[in-house]
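# Commentary on secondary and tertiary structure
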Amino acid sequence: MTQAELDSAAPDLRKEVLAMTRSSGDADQDTKLYDATRDEVTKGWLLGPLVEADLERFGPWTLSRRFGVAQGSKLRAVDDFSVSGVNGALATHECIDPSDVDHIAANARLHADALATPPELRSPSSPFARVRRHAEVEGDALLGRVFDIASAYKHLAVCPEHRRYSVISVFNPRSGRPEMYRQVSLPFGAAAAVIAFNWVATALCVVLQVLFAVGATHFYDDFTVLERSAVADSVTEVIEGF
């Protein structure tokens, strides 16, 4: 679907999405979802509730339905940008290549080889095979930690030109009617948000690696860091302050 086709289909799709925005059949879940939505308004992540007149100034606009997914005792708000056609209109020439468990294992092995493995046990192919370990490193423990970016997508804003594609609907259990809101930050459920966030996450990881010499990899919003215990506190301060 092209952008022009998306704009053309938007009015009819909005009607369908509004008709779909109804109770889940679970009153408690409906309330949690609506309260979570209002909390996002308070935090500045959403604007609304809005009426059509508020949105017409943006030109053709789409509407995506918000629903809740239970995760244990919590409820995650998910915005369905597929039903609105927005995800279908995404085209990209790049793919995401996050550091998965293979990258993490390779990073851990390299750090262990450099900082912990006895020289006589190093593989002949090791880049440290003939490197003498500095005396202050001997006996130091190798530590690992995962740093998670809380509410990761919410740290990044929607492109102003794409605000008209960021409108969502949510069921209000008190009025029994759907309400509309506009996303200010990247929505969870938009395919483009995954790519946009990972550009930033990759850049952050490179900054940690190059400027701060931190042994970090990242898998979406999780950053796995390996460092020797003597400097672990300093590295933690850098990352949390960064």
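Up top is the structure these notes are about.
Notes on the structure follow. (Residues numbered from 1 in each chain as written. Predicted model: local features only at pLDDT ≥ 70, side-chain atom pairs only at ≥ 80, totals over all residues. Heavy atoms only, no water.)

Relative to the 21 Å expected for 15 residues at 1.5 Å per residue, helix H4 (residues 101–115) spans 21 Å between its end C-alpha atoms, a close match to the ideal helical length. Buried residues of H4: Asn 107, His 111, Asp 113, Ala 114 and Leu 115, and no others. On its buried face, H4 sits against strand S4 (142–148), strand S7 (215–219) and strand S8 (222–228). Of the residues flanking the start of H4, the one acting as N-cap is Asp 100, its side-chain oxygen 3.1 Å from the backbone nitrogen of Asp 102. (Helix = DSSP H or I, 4+ residues; strand = E, 2+ residues; numbered from the N terminus. Expected span 1.5 Å × (residues − 1). Buried < 20%, exposed > 50% of the residue type's maximum accessible area, 1.4 Å probe, protein only. Contact = heavy atoms within 4.5 Å. Polar contact = N/O pair within 3.5 Å; in protein donor to acceptor, adjacent residues only side chain to side chain.)

Here we come to the pattern of salt bridges. As enumerated under the stated definition, the model contains 9 salt bridges in all. The partner of Glu 40 in a salt bridge is Arg 66, with the nearest N and O atoms 3.2 Å apart. With Glu 40 in helix H2 (residues 27–43) and Arg 66 in strand S2 (residues 64–71), this pair connects stretches of sequence that are 26 residues apart. Taking the shortest distance from any N to any O, the salt bridge between Arg 122 and Asp 113 comes out at 3.8 Å. Given the relative accessible area of 9%, Arg 122 is considered buried. Judged by its relative accessible area of 12%, Asp 113 is buried. Here the salt bridges do not stand alone but share partners, grouping Glu 40, Arg 66, Asp 79 and Lys 154 into one network. (Salt bridge = Lys/Arg side-chain N within 4 Å of Asp/Glu carboxyl O.)

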